Amino acid sequence: MAQISELSSLLETLTVSIDTFKAELARQNLPEPSLCSSQPHAIDSPSYLSPPLMYEAQRIAVTCLDQLRLLLENPSEVVVRTSMSSAEVPGLRLAVELDLHHVLDKAHDPEQGVHIRVIAQETETDALKLGKHVMRNLVIHGWFRETQHGTFANNRRSHTLKKDSAGYHAIRNIARLSYGAVGSLPDALAHPDETFRMSRAPSKAAWNLHMNSDIHVFGAGGWLDTHPEEGKRFAQGGAGVGSVSEKSVIQDIPWQDMLTGLDGLVDVGGGHGTFCCKLAMACPEIKTFVVQDLPSLENIVRTSIASQGLSDRVVFQGQNFFEPNRLLGTGSYIFTLQNVLHMWSVEDSAKILGNIRECLKDGKSKLFVINSLLSAVTVSRDGPPAKESLEALKRQDTYTPISPPPFIPKEFGDNRLTAHALDACVMAICNSFMYTHEDMERAAELAGMKIKAVHATRGRMHVLEIGIES
Ligand SMILES: C[S@@+](CC[C@H](N)C(=O)[O-])C[C@H]1O[C@@H](n2cnc3c(N)ncnc32)[C@H](O)[C@@H]1O
């Protein structure tokens, strides 16, 4: 059998997907994005969600580029570069702490940018360290532009670092919590004390080595619960991370239809109420949302809800999800559990699910678990050509993921990259793991439940309906 050229196959897939992407931009009267601009593109707006065809074309193209890079790069050069490539995340943390986006945005000519001497003066930092070393490193990683020697400007990407934006909070608060912990993973996984090395206890994670502390991070009595300022920062960071996927969770699932005839939506472990508030704004016909979380969050969540003018429809309720649900017997609801179960072992998740199971016995209430699911990262030579799959999508209004084209990994796009990165973070912070479909199935089974459906979204999240086994 003739050997298929991987390079040619990937190149063909790349060409088809980029042509589709360009055609979709033209159809929406949008210009092509540019690396030589200091402005964000219309498709970078937090409220923009690519139509299904465009979304698939984008994620195929980006994955093709990753795969092509792997074929083209010299592995020896890559390993050396990787051994020294730990500067991007600290550089970004510094960029948000110094608010470099703002410094460059208020330039006399933002396209031209600001000389490093001025940036250093404004941020009271060392021009040599910041300019030659940190900023250039960030430019190489695609953040900011060097428009001429020593002069830096914003680019599409750096607008995501704007103060108080989702990206700003993600970098400022999540990278801060996870970076040192992930750095301690080798010490934790190869710890000389076997009881530590093999432990799955949330207080014996890499984070505990990094912080020299024996307190667990999440949950009642944990680091975030007992350090309100840290808890607030984590919630802000979590909201920042979540904001990228929440628009697809909101748009790809028919929440409004599903809530017809029910008493409202209850987000268990709902954090600061971001999901409920966003859904309340998107679905004005839904009148009741309940954010359930640990009582220590009450003031901060109520204030956040009030600041969005939603106190008449979104309420906070203190609820430990390991205890019977306070809404049991009070009506019929849609319960959601978003970004919660992966913080816990399968056995603990079964306990959380079990308490919601009691509320589903009315026969009308439903439970949706919203989480990224991890998959194996296998690659096959076979698969339908991108051209056929994208052509078929032209006739679809609702989102259905396409099958991977040849040489594109089984799980591709944002879920693959973000979910696996998140997996390392949760392992480092609390000895937990992102779930596979099988893990989720086991947790449901232990709770006397089963997965009834899995909905994909245009983002990293899967929405799983979990119900009582009949
Ligand atoms: C990763 S955050 C997810 C927050 C939110 N659902 C989201 O998607 O952004 C996990 C949430 O679970 C909450 N939590 C932890 N232990 C809890 C418990 N025993 N009972 C209720 N909520 C808890 C935390 O306070 C936190 O808000």
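What you see is a predicted model; the values in this text were computed from it and never measured.

Points about the UniProt feature "domain: O-methyltransferase C-terminal" (unreviewed entry) in the protein
The UniProt record annotates "domain: O-methyltransferase C-terminal" (unreviewed entry) at residues 216-376. With 41% helix and 16% strand, the stretch residues 216-376 has end C-alpha atoms that lie 29 Å from each other.

Re the pairing of strand β2 (residues 145-148)
Looking along a regular strand, one sees the side chains alternate between the two faces of the sheet. In the sheet, β2 pairs with strand β3 (residues 151-153) via three bridges, with the strands oriented antiparallel. Bridge pairing in β3 links E146 to F152. Linking two consecutive strands that pair antiparallel, namely β2 and β3, is a turn of two residues; a positive phi of about 80° is found at G150 within it.

Things to note about the sheet that holds strand β5 (residues 289-293)
Ordered by their spatial adjacency, seven strands build an open sheet running β6-β5-β4-β7-β8-β10-β9, and the pairing between neighbours is mixed. Whereas interior strands pair on both sides, the edge strands pair on one side only; in this sheet they are β6 (314-318) and β9 (449-456). On average, adjacent strands in this sheet sit at an angle of 25° to one another, irrespective of strand direction. Pairing geometry for β9 and strand β10 (residues 462-468), over seven bridges, is antiparallel. In the sheet register, M449 faces β10, and the bridge partner there is I468. Together, β5 and β6 form the strand contacts of helix α16 (residues 298-307), whose direction differs from that of β6 by roughly 175°.

Some points on the nonpolar core
Grouped together as the largest cluster of nonpolar side chains are 51 residues, with contacts concentrated most on L337 and L367. Examining the composition of this core, we find that seven residues originate from one element, helix α19 (residues 414-430), more than from any other. Counting 27 residues, the second-largest nonpolar core is a separate cluster that includes V249, V291, F368 and M461.

Regarding the pattern of salt bridges
Inspection of the entire model under this criterion finds 19 salt bridges. Residue K22 is joined to E32 by a salt bridge in which the shortest nitrogen-to-oxygen separation is 4.0 Å. With a gap of 10 residues between them, K22 in helix α1 (residues 6-27) and E32 in the loop between α1 and α2 (52-72) connect regions that are remote in the sequence. Classification of E32 as exposed rests on a relative accessible area of 53%. Its salt-bridge partner being K278, residue E246 comes within 2.7 Å of it at the nearest N-O pair. Of the two residues, E246 is situated in helix α13 (residues 228-252) and K278 in helix α15 (residues 274-282); the sequence distance between them amounts to 32 residues. Salt bridges here are not isolated pairs; linked through shared partners, they connect R69, E73 and R81.

Rules used in this analysis
- Throughout this description, residue numbers start from 1 for each chain and increase along the sequence as written.
- Reporting of local features is limited, given that this is a predicted model, to residues whose pLDDT is at least 70; pairs of side-chain atoms are given and counted only at 80 or more, and all residues count toward the totals for whole chains, interfaces and linings.
- Values shown for side chains rest on all heavy atoms present in the structure; no hydrogens or waters enter the calculation.
- UniProt positions are given in the numbering used here, feature names are shortened, and annotations may be inferred rather than shown by experiment.
- Strands are runs of DSSP state E lasting at least 2 residues, helices are runs of H or I lasting at least 4, and numbering of each runs from the N terminus.
- Two strands qualify as a pair provided DSSP detects at least 2 bridges between them.
- Angular values range over 0 to 180 degrees, each being the angle between N-to-C directions of two axes fitted as lines to C-alpha atoms, with helices fitted over their stretch in contact.
- Only heavy atoms enter the contact rule, under which two residues are in contact if any of them lie within 4.5 Å.
- What is meant by a nonpolar core is a set of buried Ala, Val, Leu, Ile, Met, Phe, Trp, Tyr and Cys residues, joined one to another through side-chain atoms within 4.5 Å.
- Remark: exposure states derive from per-residue accessible area (1.4 Å probe, protein chains only) relative to the maximum for the residue type, with buried under 20%, exposed over 50%, and partly exposed in between.
- Basic side-chain nitrogens of Lys or Arg form a salt bridge, by our definition, when they fall within 4 Å of a carboxyl oxygen of Asp or Glu.

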